[in-house]
Amino acid sequence: MPRTKRCFLCVRGLALLLCCLGCGRHPQPLTIAVVPESAPEQIWLDEHAGTLRAASHHGVRIYWNAPDREGDVQRQISLVEQVGDQKDAGLVLAPAQELALMLPVRRLLDRHMPVVIISSPMTLPPRPNLAYILNDEDQTGAIAARAIGSSLHGKGSIALLGINPFQSGVTLRLRAFEAYLHREYPAIRITDRRVASDSFSSEQTAAEVLAATPRIDAALALDPSSAIGLYQAEQQQPTRHRITIIACGQDASLFALLKSGFIDAYIAQDSYTMGYQAVDAILRMRQGLPVPARVALGPIVITAANMHDPAILARIANIPDEPL
Amino acid sequence: MRPLLSVVLLVSVFCVLAAALTHAFRPVELALPYTDRFSIDGLKGWQSLGGSWFTESGTVVNDSEERGAKLLFGADTWSDYALSADVQVLGADGDAGVIVRSTDEQLGTNAYSGYYAGLRTLDGRLVLGRADYGWLESQTAAFPGGIQVGHWYRVEVVAVGCTVSAAAVDLASGARSTVSMQGQPCVQHGRVGLRSYGTAGRWRAIAIKPANAATLAALHATQQPRETIDPYQSWLSVVTAAKLSQSFPAADASATPGTVRPIGSLRYADSTDRAPRTIRGVVILRRPMLVVQDATGGIAIPAQDPVRFAPGDEVEATGVPMVSDFSLVLEKATIKILGHGNPLPPKSVSASEAATGVYDAQYIELTGLVAKNQGDQPSRDLLIDTGSQSFRAVLPEKESGRRLLHLPRNALVQVRGIEVVDPHLTRNETPFVLFLPSFDSVELLADPPWWSLENMVWTAPILLVLLLLAQLGRVRLRHLRLHAAMQERQRLGREIHDTLAQSFAGVGYQLQAVRSSLAAGSASVSEHIDLAVDMVRHSHQEARRSIASMQAELLDGNDIACMLEERARHMVKGTPLRIAAVTKGEPRPLPPRIVDALNRVGQEAVANAIQHAGTDTLRIEVIFQDREVLLVVEDDGRGFDAAANLPGFGLLSMRKRADAIGAQLVLISRPGQGTRVELRASLRRRRRLERFLRTGEPHLL
C-alpha cells in the first residue's frame, strides 16, 4: 500500500475516533454571567429575578455572583476577571466604581465578549459588543425635585445626602434634581450637601446635617444608606418638626421606612426589567443582531399610596409573577 | 486495514495508560459514614469560602456575620445521604444551617449549586431551598417557639433521589419542624457544608451516613402539614419586622455623651488634651488587640476581651486617644456594641504606601513573594517581599484551627490583614506587620518560577548530559554516513580494478606482444604501438590512482610525494630537469578527501611548473605537522606576477579543491624568482574523528 494512502487512512481513523468520542457529549447551554454591585441588596435580587426570567425564556443559564458588600470594588473586579476566564457567553455588569472597572471590562470587550452595563453608566463608548441599559437619572432627579417642591409649596431649605462623585448615575441624578429645582422652584435653597459614606458613617453624617441646619425642611437621600442614616440620627436626636424625606434606591429598608412613615417616597430603579433586557441584549449581540446602544428605563416611584399594590411589589420584591 | 488497526491499537493503549494513571493518582475517596467532632485535627479536610472559622471545644465556629460564609467537606460523588448537625445561631438577624449536595462552589453569597437547610431567627422558621448562584427558597416551616439565639438545635437533612427533606429539633424541648422539597432537574450529588448568613454560628457533632427511602420515610414520619405562604405577606412581614426593629439600633439612653469623632481626626488632636473622646467604627481585628476602623482610619483599643466581639461588629468606644510614633491607641476605653454587620472589605494598597504608616490599624490587601516561611512546619508567620519593602504576615494564636499553608519560597501571594506599625510588634525588622484575621487570608496566586537557583543547579547537569548525548548521536550519525560513502567508494574502486584496470593491463600486454612480433623495418608501426602502449600505461596508472583515492587510508604522505614525483618524472622524461621529492615529519594516514585534494593540486602545480616555468629544478615536499599537512611544489623558473589576473582554469581549479576541504592555498611568485605553491590542510577535527571512527570511543572526541 502506498505510503500516502496509509497516512490518509491513519488520519481518517483518528478523525473517526475523535468524532465518536465527541458524539457522546450533550451540548451545554450558554452561560451568561451577571455581576451586580453586591449580592444581598434588594435592587440586585430583583435584577437577578429579571435575568432568570429571561434565561428561562431563552434556554440559557445564569451565573450570578457579587461582592457581599457594596463598595467592594476589588471583589467585583476579580469576579469580572473570572468571567473572562470562564469564557461565558456574555456579562451583565452593574459597576460599583466605573473607573476601577473600566480596564477589566475593556479587556473582556477586546476578547469580543458581549457586555451590557446596567444601572450606572461607564465612560466606555458603546460598540457592537457593549450596550447600556440604565436608569433614567434625568427622570429620577426631576421626580425627586417635583416631590420635594410640591411638598414644600415651592419654598424652604433642603439638604442633599449621599453624593458620590465616583458614580456617574448618582452624579447625573443630582444634576437633574438641581436643574429641575432651580427651574421650577427657585425659592427652595439647598443648604447642605454631604458625600456618600458607608452604612455606618451615614448616621454620623446625617446627625451632623440635622445639627448644622436645624431649620431644614426636606432632605433628598441619593442612596439608601443616607436615608437609613437619617432615620438613625432622628432616633438619636429627634427633630422638633417633621421634614420631608425622599430617597433614591431600592432596598428593603426603604420599604420599611416608607411603611413606618419616616420617608415620604422612594424612587427605585426598574432593575427587574434591566436584568431581563440585558440578557436579551447579550443574546442578540451573539446573533449579530442590532442592539440599542443606550436604553434609559423609567424609575418606579413607591409611595404610601401604592406600596401594597401587587404589581409594584412584583417589581421591587423579587417575587416572580409566574413560576420560573 | 493494517494502518487502521495500528491506529486503533495505539489509541487503545493510550486510553488504557491514561485510565491507569488516572486511577493511580485519583484523590482518596472519602467513605461514608463519617463523623466529625472537631477534637484533634481541627478543620483538617474542610474548605472555607468566606467567613472566619475556627474550632473551639469540639465545636466549629464562624464568628463573622458575612452573608453566605461556607465551610465545605466531603466528596463530589456523594449522592444519597443523611447529614445531621447541631446548630446554634449566634445573631438575631440571619440564619445558620447546613448544605447538602454542594458542587461548583465559589466565594459569594449563594455561589454554589446545592441545597441549604437553615434556622432563621428573623422570622423563627426552618427554611429549605436550592442554591444555584442565586437562592430559590422552596419551603419554610414555623418552628415552635421560634429560633432562639445561642440555643442548640439538631438539623437533619436527608437527600434521596430528587427528594430533599430537612428536620430541626430543639434539643432542650424536643420541639420539631420538618420541610421537604422535590423536583427535577435536581442536584444528584455533592459535598456537605456548614453555612451562615448575616450572623455568626456554631456547629458540632457532624454526622453523615448513607441514606435510602427508609431513611427519608423515618424523617417524614413526624412531618407537619405544609403551610401555604403568601409571598407578598411574607416579604412584607420580614421586611418590616426585621428592618425596623433589628437593623436600626434604637436610641440608647446609656449612650456615652459627647460628639462622636472621626477616628482619623484623633491623629491631629491636641496631644496635651487628655479628655476622653468617642469614636465609632467597625471591628476589623480581635487578637492580639482590638482594632476598630471607620472611613477615616483605624485605632487600636488594648485590654479588651476578644470574645465579646466579632469582625464586622459596629462599636462605639470612649477613651483617651494617644499617638505613639505612627500608631493611634485608645486607652482606658469603654466599648459598646451598636450592631452587627459584615466585615469591611480590604483596601488594596502597595507595600510602599503601607510602609508610610498611613494605613496603620486598617484592613489592607497586599501582593508579594514569600521570602521566608518560618520554621520547618506550616507556621503562623510569613516574611513577604515586594521588592523595595518587606513585611511579616502573622496569624495570631488561637485565631484558627489551622495554620498557614506551607508556602514555598518565591511563591506569589495575596495577603489581607490589619497593618500594625507598632515597633513592639515589628521588632524594627520590617516597617510593618500584617495581622491576618484568619488562615485563608493568604491566597496563593502563583507558584515559584521554575528558574530558581535550586532548580537551575539540578537542571544544569541534566542539560549537560543531554547535550553530550546529542553530540554523540550527531557524531555517530556522521560516522554512519561516512562509513556508507567509504563503502561505496571502495566498491567502485574494486569494480574499476577488476574491470577497467585489468582491461588496460590486458590491452598493454597485447600491444607489447604485437610489437615484439612485428618484423624489422616496420619502424613507423612500432612507433605508433609504443605510443599506444604509453597511453595505455598512463591510463592504467590513472585508474590505479583513482582506485587508491577511493580507498580509505591507503595513502599517506610518502605515497603522495612519490606519486607526484613519479608523475613529474614521467612528464619530463628525457630532459635535464631535476626533481626532488621529500616527506618531512611523521607520515600518517590521511582522509581520502585530503589525499585527493593534495594529489590533484600537486599534479596541477607540477604540470604548471614543467610547462610554463622553464625551470631546472622542481622540489616537491609533503610536510606533516601536529595539526596540519602541508604540500609544497616549488621551482626556480621564470616566475610571474602572482597579483595579476591570470587566464586559465588551472589556478581556479586548485583554489576550488582547497576550499572544498577547508585548506589554505598560497601562491608565491615574482617574475624571475620562481614559484612556490603551498597547500595547508588542517587535520585537527579529522584526526579526532578518525580516532573515534577507528576506536568507537566518544571520549576521544
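None of the values given here were measured: they were computed from a predicted structure. (Residues numbered from 1 in each chain as written. Chains lettered and ligands numbered in written order. Predicted model: local features only at pLDDT ≥ 70, side-chain atom pairs only at ≥ 80, totals over all residues. Heavy atoms only, no water.)

> Which residues make up the overall build of chain B, and what values do they have?
Counting its regular elements, chain B contains 12 helices and 33 strands. Residue burial in chain B is summarised as follows: out of 701 residues, 45% are buried. Counted over contacts in chain B with a minimum sequence separation of 6, partners at least 24 positions apart contribute 66%. A total accessible area of about 35,200 Å² is found for chain B, and carbon and sulfur atoms account for 56% of it. (Helix = DSSP H or I, 4+ residues; strand = E, 2+ residues; numbered from the N terminus. Buried < 20%, exposed > 50% of the residue type's maximum accessible area, 1.4 Å probe, protein only. Contact = heavy atoms within 4.5 Å. Areas by Shrake-Rupley, 256 points an atom, 1.4 Å probe, with all protein chains shown as cover.)

> Residues and numbers for the overall build of chain A, please.
The helix and strand tally for chain A stands at 11 helices and 12 strands. Out of the 324 residues in chain A, the part that is buried amounts to 57%. At a minimum sequence separation of 6, the contacts of chain A that also span at least 24 residues come to 69%. Surface summary for chain A: the accessible area is close to 14,000 Å², and the carbon and sulfur share equals 56%.

> So, the state of the cysteines: which residues are in play, and what are the values?
Residue and element names in this part refer to chain B. On inspection of all chains with the given rule, the structure shows 1 disulfide over all chains. Disulfide pairing is shown between Cys162 and Cys186; the S-S distance is 1.9 Å. Residues Cys162 and Cys186 are joined by a disulfide whose S-S torsion is about -60 degrees; by sign, that bridge is left-handed. Remark: Cys186 occurs in the loop between β13 (176–182) and β14 (191–197) and Cys162 occurs in the loop between β11 (153–160) and β12 (163–170); sequence separation between them is 24 residues. For Cys162, a relative accessible area of 16% gives the class buried. Since its relative accessible area comes to 13%, Cys186 is described here as buried. (Disulfide = S-S within 2.5 Å.)

> Got a sec to walk through the side chain of Asp635 of chain B? Specific residues and values, please.
All names here are of chain B. Tracing the backbone through its elements, the reader meets Asp635 in strand β31 (residues 628–635). Here Asp635 occupies a buried position and makes no salt bridge, while the nearest side chain of opposite charge, Arg638, is found at 8.8 Å. Within polar-contact distance, the side chain of Asp635 engages the backbone nitrogen of Gly637 at 2.9 Å. For Asp635, the residues in contact, after removing those within four places along its chain, are Ala609, Ala613, Thr615, Thr617, Leu618, Gly674 and Thr675. (Lys, Arg positive; Asp, Glu negative; His and termini not counted. Salt bridge = Lys/Arg side-chain N within 4 Å of Asp/Glu carboxyl O. Polar contact = N/O pair within 3.5 Å; in protein donor to acceptor, adjacent residues only side chain to side chain.)

> Lay out the sheet that holds strand β7 (residues 95–103) of chain B with the relevant residues and their values.
Residue and element names in this part refer to chain B. An order of β2-β5-β14-β7-β8-β9-β10 is seen for the 7 strands of this open sheet, with the pairing classed as antiparallel. Where the open sheet ends on each side, the last strands, each with one partner, are β2 (47–49) and β10 (135–142). Here the average twist between neighbouring strands, direction ignored, is 20 degrees. Of the pairings in the sheet, the one linking strand β5 (residues 67–73) to β14 comprises 6 bridges and is antiparallel in character. By the bridge assignment for β14, Leu72 is matched with Gly193. (Pairing = 2+ DSSP bridges. Axes fitted to C-alpha atoms, helices over the stretch in contact; angles between N-to-C directions.)

> With reference to specific residues and values, describe the confidence of the model for chain A.
Caution applies to low-pLDDT parts of the model: their predicted coordinates are not meant to be read in detail. Residue-level pLDDT values for chain A average 85, and 86% of them are 70 or greater. Contacts of residues 320–324 of chain A to residues separated by more than four positions or lying in other chains number 8 contacts, the stretch itself having pLDDT below 50. (pLDDT = per-residue confidence, 0-100.)

> Explain the packing of helix α3 (residues 73–86) of chain A against helix α4 (residues 98–110) of chain A to me, using residue names and the numbers behind them.
Residue and element names in this part refer to chain A. Relative to each other, α3 and α4 sit at 0 degrees, their axes nearing to 10 Å. Accordingly, the angle class assigned to the pair α3 and α4 is roughly parallel. Across the interface between the two elements, Val73, Gln76, Ile77, Val80, Glu81 and Gly84 from α3 touch Ala100, Leu101, Pro104, Arg107 and Leu108 from α4. Residues of the contact of α3 with α4, tallied by class, amount to 7 nonpolar, 2 polar and 2 charged. (Parallel < 35°, antiparallel > 145°, perpendicular 65-115°, else oblique. Nonpolar A, V, L, I, M, F, W, Y, C, P; charged D, E, K, R; others polar.)

> Kindly report on the packing of aromatic side chains, identifying the contributing residues and their values.
Residue and element names in this part refer to chain B. Tallied over the full model, the rule gives 10 aromatic pairs over all chains. Aromatic rings pair up to connect Tyr34, Trp46, Phe73, Trp78 and Tyr81 into one cluster. Taking the ring centre of Tyr116 as reference, the NZ or CZ of Arg195 above it sits at 4.6 Å. Its end group placed over the ring of Trp152, Arg204 keeps NZ or CZ at 4.0 Å from the ring centre. (Phe/Tyr/Trp six-rings, centres within 6.5 Å; stacked < 30°, edge-to-face > 60°. Lys NZ or Arg CZ within 6 Å of the ring centre and 35° of its normal.)

> Residue-level account of the pattern of salt bridges, with values.
Residues and elements named next belong to chain B. Inspection of the entire model under this criterion finds 33 salt bridges over all chains. Of the charged contacts, one joins Arg120 and Glu137 as a salt bridge, the two residues approaching to 3.1 Å between their closest N and O atoms. Of this pair, Arg120 sits in strand β8 (residues 113–120) while Glu137 sits in strand β10, and the two are 17 residues apart along the sequence. Judged by relative accessible area, Glu137 falls into the partly exposed class, the value being 36%.

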